[in-house]
Amino acid sequence: MATDPRAPEPLSLATFTQGIWKENPVFVMLLGLCPVLAVTNTATNALAMGLATLFVLLCSGVLVSLLRKVIPKQVRIACYIIIIATFVTIVDYAIQAISLDLHRALGAFIQLIVVNCVILGRAESYASKNTVINAFVNALGMGVGFTLALLCLGVVREILGFGTLFAIELFGASFQPWAVFALPPGGFFALAGWLFLFAYIRKRRAAAQSEETHVA
Amino acid sequence: MSDETPNVTAPALPSSRKLITALAAIAMISGLLVAVTFQVTAPVIKKNQQEALERAIFQVLPEATVAANFQLEGGQLTALTAEQFADANVFAGFNAENQLVGVAMEGAARGYQDVVRILYAYDPAQEGILGFTVLQSSETPGIGDKVETDDAFLANFNPLDARLNEAGDALANPIITVKNGRKVNPWEIDGISGATITSTAVANALNESAATMLPTLMANQDALVAPKGTD
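Residues numbered from 1 in each chain as written. Chains lettered and ligands numbered in written order. Predicted model: local features only at pLDDT ≥ 70, side-chain atom pairs only at ≥ 80, totals over all residues. Heavy atoms only, no water.

Chemist: For this particular structure, what's the right way to read the overall build of chain B?
Modeler: The secondary structure content of chain B amounts to three helices and nine strands. Counted from the first residue to the last, chain B has its helices and strands arranged as α-β-β-β-β-β-β-α-β-β-β-α. Relative to its length of 231 residues, chain B is extended, with a C-alpha radius of gyration of 24 Å against a globular reference of 17 Å. Along the three orthogonal principal directions, the C-alpha set of chain B runs to about 85 × 50 × 30 Å. Counting over 231 residues, chain B shows a buried share of 39%. For chain B, the share of sequence-separated contacts (at least 6 apart) that also reach a separation of at least 24 residues comes to 53%. Across chain B, the mean location of the 13 positive side-chain charges is 9 Å away from that of the 26 negative side-chain charges. (Helix = DSSP H or I, 4+ residues; strand = E, 2+ residues; numbered from the N terminus. Rg over C-alpha atoms; globule rule 2.2 N^0.38 Å. Buried < 20%, exposed > 50% of the residue type's maximum accessible area, 1.4 Å probe, protein only. Contact = heavy atoms within 4.5 Å. Lys, Arg positive; Asp, Glu negative; His and termini not counted. Charge placed at Lys NZ, Arg CZ, Asp CG, Glu CD.)

Here it is in structure tokens:
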């Protein structure tokens with residue numbers, strides 16, 4: 001974040017990958033944790049939630065970027081919220097049309113995408129200052145990063161909590177599910193595990209890099 | 001997070017008209033997008049809901065093999081054809097021998113987040129509620145949605161007493177939720193501790209629906225016949 005955040009960023013691979021690795025919304029920025037913990041009890045729910053968020057992130061990013069010169073600074077947050085709420089409503093209808101069971105499984109958390117800080121954060125800190133293409137690519141990266149993070153949790157929790165993956169039985173009937181992972185506390189345990197892993201890898205990488213610069 | 005620094009004079013505030021125009025324009029774009037999506041998805045959602053309702057009928061009436069549609073309105077119970085499914089509010093289930101196994105009806109009450117809509121099965125022979133299933137709810141996952149899965153809660157419905165008074169115009173005893181472990185009467189629902197509001201919502205939905213529907217339904221019991229033989 002050393003560069004002036006107001007300067008439009010040139011399009012690069014990093015525009016896309018920063019949301020997946022360097023600034024992963026869940027594992028690095030710890031944003032939007034409410035759906036991360038709440039609807040990752042199965043891999044299917046996690047994937048659906050991730051894709052719904054990805055869609056809202058993409059569409060609102062593009063629209064905010066398109067309108068960035070029109071929206072007066074004083075009412076920008078109100079405008080972003082209206083735009084985000086619009087796409088959340090669209091996603092809500094779309095999921096109801098695709099599968100009512102899925103809609104029931106995700107429950108109130110679809111509507112709550114409106115208050116997901118990842119989306120408002122992207123609109124405010126990126127889409128409103130960059131071109132449409134950049135905003136699209138960046139939102140795609142963030143959305144993919146968010147979806148992957150949700151999937152990481154969902155896979156672990158479903159395997160341990162139900163003994164299944166995407167509702168496919170993995171182990172025999174003798175498998176005793178570790179029920180706590182299907183329950184809300186399991187979300188915290190799984191998230192802690194992944195955060196630990198991420199922090200460990202990042203630290204190792206940083207150490208390796210500083211060693212390289214020392215040698216050079 | 002703000003870009004402004006105090007020693008720089010703040011930029012002049014744009015006229016209110018500009019702000020209002022911008023907000024109104026964005027709200028209009030939003031409205032248009034939502035309206036279009038609603039138009040496109042509404043028929044699909046309606047079809048999904050009907051299918052879900054059909055599945056729910058056989059779920060609350062597991063012994064039923066056929067369901068007949070009825071409409072209860074203004075003290076009248078009218079038989080509807082299968083095509084008039086959307087207008088029906090009473091679904092009678094019959095087993096393979098064409099005997100009435102129960103009647104499925106909808107109830108709704110305010111829950112913790114939003115309205116909880118349920119479909120419950122009523123057995124006119126036992127004058128009791130056999131069970132229910134949730135059609136729509138936004139209750140807290142892991143807490144409020146336990147009303148569907150908690151075995152102790154579901155054990156209330158075997159059956160839950162919902163008999164009418166002697167005049168036959170109201171429930172003899174209102175269906176209420178009591179605190180977990182305090183159930184003494186067969187018309188009381190033993191609530192789930194921690195999910196009191198949703199437990200109460202289920203009781204309210206049952207009570208309200210049963211109180212309005214059952215007097216007419218029981219008075220017109222004879223109209224509940226299997227659809228076989230009619231055309």
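Chemist: What should I look at first to understand the sheet that holds strand β5 (residues 115-123) of chain B in this one?
Modeler: In a beta sheet, neighbouring strands are held together by backbone hydrogen bonds and run either parallel or antiparallel to one another. Residues and elements named next belong to chain B. On the basis of which strands lie adjacent, the open sheet formed by seven strands has the order β2-β1-β3-β4-β5-β6-β7 and antiparallel pairing. Both edges of this open sheet fall to β2 (76-80) and β7 (160-161), since each of them pairs with a single strand only. Bridge count for strand β1 (residues 66-73) against strand β3 (residues 90-94) is five bridges, and the pairing is antiparallel. Looking across to β3, one finds that Phe70 is bridged to Val90. Against the sheet, helix α1 (residues 16-60) engages β1, β3, β4 (100-110), β5 and β6 (128-136), with an angle of about 155° to β6. Set on the sheet, helix α3 (residues 196-219) makes contact with β1, β2, β3, β4, β5, β6 and β7; between it and β4 the angle comes to about 130°. (Pairing = 2+ DSSP bridges. Axes fitted to C-alpha atoms, helices over the stretch in contact; angles between N-to-C directions.)

Chemist: Explain the pattern of salt bridges here, please?
Modeler: Where charged atoms from two side chains of opposite charge come close, those side chains can pair. Enumeration over the complete set of coordinates arrives at six salt bridges over all chains. Close ionic contact of Arg55 of chain B with Asp101 of chain A constitutes a salt bridge, the shortest N to O distance being 3.9 Å. Of this pair, Arg55 of chain B sits in helix α1 while Asp101 of chain A sits in helix α5 (residues 100-106), each in a different chain. Close ionic contact of Glu51 of chain B with Lys47 of chain B constitutes a salt bridge, the shortest N to O distance being 3.8 Å. Of the two residues, Glu51 of chain B and Lys47 of chain B both sit in helix α1, four residues apart, roughly one turn of that helix. The partly exposed category is assigned to Glu51 of chain B, whose relative accessible area is 36%. Take Lys47 of chain B: its relative accessible area is 51%, and that puts it in the exposed class. (Salt bridge = Lys/Arg side-chain N within 4 Å of Asp/Glu carboxyl O.)

Chemist: So what exactly am I meant to see when it comes to helix α3 (residues 43-66) of chain A here?
Modeler: Residues separated by three or four positions in an α-helix point in the same direction, a consequence of the helix having 3.6 residues per turn. Counted at 1.5 Å a residue, the expected span for α3 of chain A with its 24 residues is 34 Å, and the 34 Å between its end C-alpha atoms agrees. Extensive coverage of α3 of chain A is indicated by the burial of 17 of its 24 residues. (Expected span 1.5 Å × (residues − 1).)

Chemist: How do you make sense of α1 of chain B when you look at a structure like this?
Modeler: Residue and element names in this part refer to chain B. Taking 1.5 Å as the rise per residue, α1 with 45 residues should run 66 Å; its terminal C-alpha atoms sit only 58 Å apart, a clear shortfall. Remark: the principal bend of α1, roughly 45°, maps to Thr41, with a proline, Pro43, within the next four residues. Among the residues of α1, those classed as buried are Leu19, Ala22, Ile26, Ser30, Thr37, Thr41, Ile45, Asn48, Leu53, Ala56, Ile57 and Val60. (Bend = angle between axes of the 7 residues up to and from the residue.)

Chemist: When you look at the nonpolar core in this model, what are you seeing that I'm missing?
Modeler: Counting residues in hydrophobic clusters, the biggest one holds 50 residues, and the most contacted among them are Val56 and Leu106 of chain A. Elements supplying a minimum of two residues to this core: α2 (33-38), α3, α4 (76-98), α5, α6 (117-125), α7 (132-162) and α8 (184-215) of chain A together with α1 of chain B. Take this core: its biggest share by element is 10 residues, from α3 of chain A. Apart from the residues lying within four places of it in its own chain, the contact partners of Leu106 of chain A are Val39, Asn45, Ala48, Met49 and Ile95 of chain A. Listed in part, the 40 residues of the second largest apolar core include Ala92, Ile118, Phe153 and Leu164 of chain B. (Core = buried A, V, L, I, M, F, W, Y, C linked by side-chain atoms within 4.5 Å.)

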